[in-house]
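Chain residues, written in single-letter form:
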Amino acid sequence: MNITPDVFYVGVNDRNIDLFEGQYIVPEGMAYNSYVIMDEKIAVMDSVDKNFTHEWLDNIAGVIGNKEPDYLIVQHMEPDHSANIANFIKTYPSATVVSSQKAFGMMKNFFGDEFADRRIVVGEGDTLSLGAHTLTFVTAPMVHWPEVIVTYDAKDRILFSADGFGKFGALDADEDWACEARRYYFGIVGKYGAQVQALLKKASALDIEKICPLHGPILTENLGYYLNLYNIWSSYGVESDGIVINYTSVYGNTKKAVELLAEKLKAYGCPKVCLNDLARADMAECVEDTFRYETAVFATTTYNAEIFPFMREMINHLTERGYKNRTVAFIENGSWAPMATKVMKGLFANCKNLTYAENSVTIHSALNDISKNQIDELAKELCKGYIARQDSTANKNDMSALFKIGYGLYVVTSNDGKKDNGAIVNTVTQVTNTPNRIAVCINKENYTHHVVKQTGIMNINCLSVDAPFSVFESFGFRSGRNVDKFEGEEVLRSDNGLVFLSKYINAFMSLKVEQYVDLDTHGMFICSITEARVTGDKDTMTYTYYQANVKPKPQTEGKKGYVCKICGYIHEGELPDDFICPLCKHPASDFEEIK
């Protein structure tokens, strides 16, 4: 298979394997990918599983013919990629092995040979010229072994990504990429989110047109889609709206409880309810689902004064992978001494940023009116945001939304008559309460200022502490005059016809401009409230929280100049007094000198 005129696929499909790494069910098999780069020098990228030695060597010979390869580049030493290193050297004794220092130590363990007489040790930023192709090596420790490197081919703009961006399934498997890539990621790589984030940061500096992983298909189109998913997964973000219910049930009573909860959740507007019987479902898929959605319910029986074994196994899988940034609820069943909620909560004790539901459910053997009412209250709590989003169920005059205003960060949504727009603002104030009036200050350079002044309406979305930096990039660093910030999204609208955000907010208010005050660089819009909804209970994002926990630290090492304290933009050289940040539009007073 030609990937480019010079780069060829020489990997194999394994349709006989039943369990990958001895635990992951792979009904569509596995692909072990290997590549050949043909140039003045010939490089082979990684080998394959031990069961496919001859097929792999035949594939290589089919590409290179009677020529001899110059290099075998080993990015990862897991046996499904490294098992044939020694066989390759026997076949091509003049070839040189290129890998990291740690990898050669592992070769000693696997083969009894570090290939000291035929090796090149590479590290961060090292290069290898093949002729027209120059390979740059990037270290990727613990993604997901310590020796891992990835390789960038500058000529064809290919990232050979090792296990990154891999998926379960043979190459000829007809299945959705995201589903099996997500299960693969959280099963294989999920513990190492910080390390994946570090690799993504390095990759963002490269001009990539194709991604060639060691498992799964070569990615050639819409790379932003794959990169965005990897960013969400590795930052422990929420990928999809919905609630997952993981349960075990011995005699069917706990199952009846979670089925009732699922019905309630759907009735209260939850767009997706995922129900997993842990004793029967693929555990890896259950883990995948629990990381995918924002909210998870865990329902199980008290068992030997503990919890049912499948539930303990499930929670162990989550905690060892750094489960965090989620809302968690519990349902317990116990005939005489229910202990399950206490045990489950204890197992999550070391997880970061978990929000526990105020309502819980205790069943004494079988459902009764009391436990049914508890289920209803839990469903209402978990669906509070969904209830607020739906016109039919929302309280549109909930003035407690005013309590969500602080010195924080907000998204103002508007519409210029052709497209929806959104912008970050940080000055929103309640100025009177009889009647309720809100003052919103917007920089005149922002397109949103122009739109609101023309239309006289806006929505204020109160960002909550779970909002990731991507929200600020989307709404703060691009102009709505030039881009459609909601392109391709299914949006929700308030009664005034404007968009309100479906996530990362705890309230929104629809405002009608009653008065405008010119403040030189800014305009103040004094507004009445036409609609107010509370959509969540998470704290409002304050400026301090954003600075400490959300905004990435700017890469100032080796640079001289000034850095914007708001968005991290770096201005090298002297900073004029009238300088305006090109990203966030803040003045020179919001810059600090790089020291």
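So, here's what we can say about the structure. (Residues numbered from 1 in each chain as written. Predicted model: local features only at pLDDT ≥ 70, side-chain atom pairs only at ≥ 80, totals over all residues. Heavy atoms only, no water.)

Considering helix α12 (residues 369-382)
For α12, spanning 14 residues, the distance from its first C-alpha to its last is 20 Å, which sits close to the expected 20 Å at 1.5 Å a residue. Of the residues making up α12, those classed as buried are Ser 371, Ile 375, Asp 376, Leu 378, Ala 379, Glu 381 and Leu 382. As for α12, its buried residues are in contact with β16 (240-247), α8 (253-267), β18 (293-303), β20 (326-333), β22 (361-363) and α13 (384-389). Here α12 starts with a cap whose side-chain oxygen sits 3.1 Å from the backbone nitrogen of Ile 370, and that cap is Asn 368. (Helix = DSSP H or I, 4+ residues; strand = E, 2+ residues; numbered from the N terminus. Expected span 1.5 Å × (residues − 1). Buried < 20%, exposed > 50% of the residue type's maximum accessible area, 1.4 Å probe, protein only. Contact = heavy atoms within 4.5 Å. Polar contact = N/O pair within 3.5 Å; in protein donor to acceptor, adjacent residues only side chain to side chain.)

Some points on the pattern of salt bridges
Tallied over the entire structure, the rule returns 29 salt bridges. Taking the shortest distance from any N to any O, the salt bridge between Glu 209 and Arg 157 comes out at 2.7 Å. A residue pair is termed long-range when its members are at least 10 positions apart, and Glu 209 in the loop between α6 (193-203) and β15 (210-212) and Arg 157 in the loop between β13 (149-153) and β14 (158-160) qualify at 52 residues. Residue class for Arg 157 comes out partly exposed when judged on its relative accessible area of 30%. (Salt bridge = Lys/Arg side-chain N within 4 Å of Asp/Glu carboxyl O.)

A closer look at the packing of aromatic side chains
In the structure shown here, the tally under the stated rule is 35 aromatic pairs. Centroid distance Tyr 32 to Phe 52: 6.0 Å. Interplanar angle 55 degrees. Geometry classified as tilted. With Tyr 32 in strand β5 (residues 30-32) and Phe 52 in the loop between β7 (43-45) and α1 (53-64), this residue pair connects regions lying 20 residues apart in the sequence. For the pair formed by Tyr 32 and Phe 52, the shared burial category is buried. Measuring from centroid to centroid gives 6.4 Å for Tyr 236 and Phe 291, while their planes differ by 45 degrees, and the two rings are tilted. (Phe/Tyr/Trp six-rings, centres within 6.5 Å; stacked < 30°, edge-to-face > 60°.)

Topic: the nonpolar core
Ranked by size, the top nonpolar core spans 91 residues in total, and within it Phe 20 and Phe 298 carry the most contacts. Sort the elements by how many residues they give to this core and helix α5 (residues 177-189) lands first, with eight residues. Counting 30 residues, the second-largest nonpolar core is a separate cluster that includes Leu 501, Met 541, Tyr 562 and Cys 564. (Core = buried A, V, L, I, M, F, W, Y, C linked by side-chain atoms within 4.5 Å.)

Focus: the sheet that holds β15
Across the sheet, which stays open at both edges, the five strands sit in the order β11-β12-β13-β14-β15 with mixed pairing between neighbours. Pairing within the sheet leaves two strands with one partner each, and these edge strands are β11 (127-129) and β15. The mean angle between the axes of side-by-side strands here comes to 20 degrees, regardless of whether they run parallel or antiparallel. Bridging between strand β12 (residues 134-139) and β13 involves five bridges; their strand directions are antiparallel. Among the inter-strand pairings, Phe 137 is bridged to a residue of β13, identified as Thr 151. (Pairing = 2+ DSSP bridges. Axes fitted to C-alpha atoms, helices over the stretch in contact; angles between N-to-C directions.)

Describing the state of the cysteines
One pass over the structure, following the stated rule, counts zero disulfides. Left without a disulfide partner, Cys 351 is nearest to the cysteine sulfur of Cys 286, which lies 17 Å away. Of the residues examined, Cys 351 reaches a relative accessible area of 16% and is grouped as buried. Looking at Cys 462, it has no disulfide partner, and the nearest cysteine sulfur is the one in Cys 527, 13 Å off. (Disulfide = S-S within 2.5 Å.)

Some points on the sheet that holds strand β32 (residues 561-564)
Pairing in this open sheet of three strands is antiparallel, and the strands run β33-β32-β34 from one edge to the other. Edge positions in the sheet fall to β33 (570-572) and β34 (591-593), since each of these pairs with one other strand and no more. Along the sheet, successive strands turn relative to each other by an average axial angle of 25 degrees, direction set aside. Sheet analysis places β32 next to β33, joined by three bridges and oriented antiparallel. Bridge assignment links Val 563 to a residue of β33, and that residue is Ile 570.

Observations concerning the pairing of strand β23 (residues 410-415)
Remark: a regular strand shows side chains that alternate across the two faces of the sheet. The buried fraction of β23 amounts to five of the six residues, a majority that puts the element mostly inside the structure. Note: β23 against strand β24 (residues 420-425), six bridges, orientation antiparallel. Looking across to β24, one finds that Val 412 is bridged to Ala 423. If you look at the hairpin formed by β23 and β24, you'll find four residues sitting between the two strands, and Gly 417 has a positive phi there, around 100 degrees.

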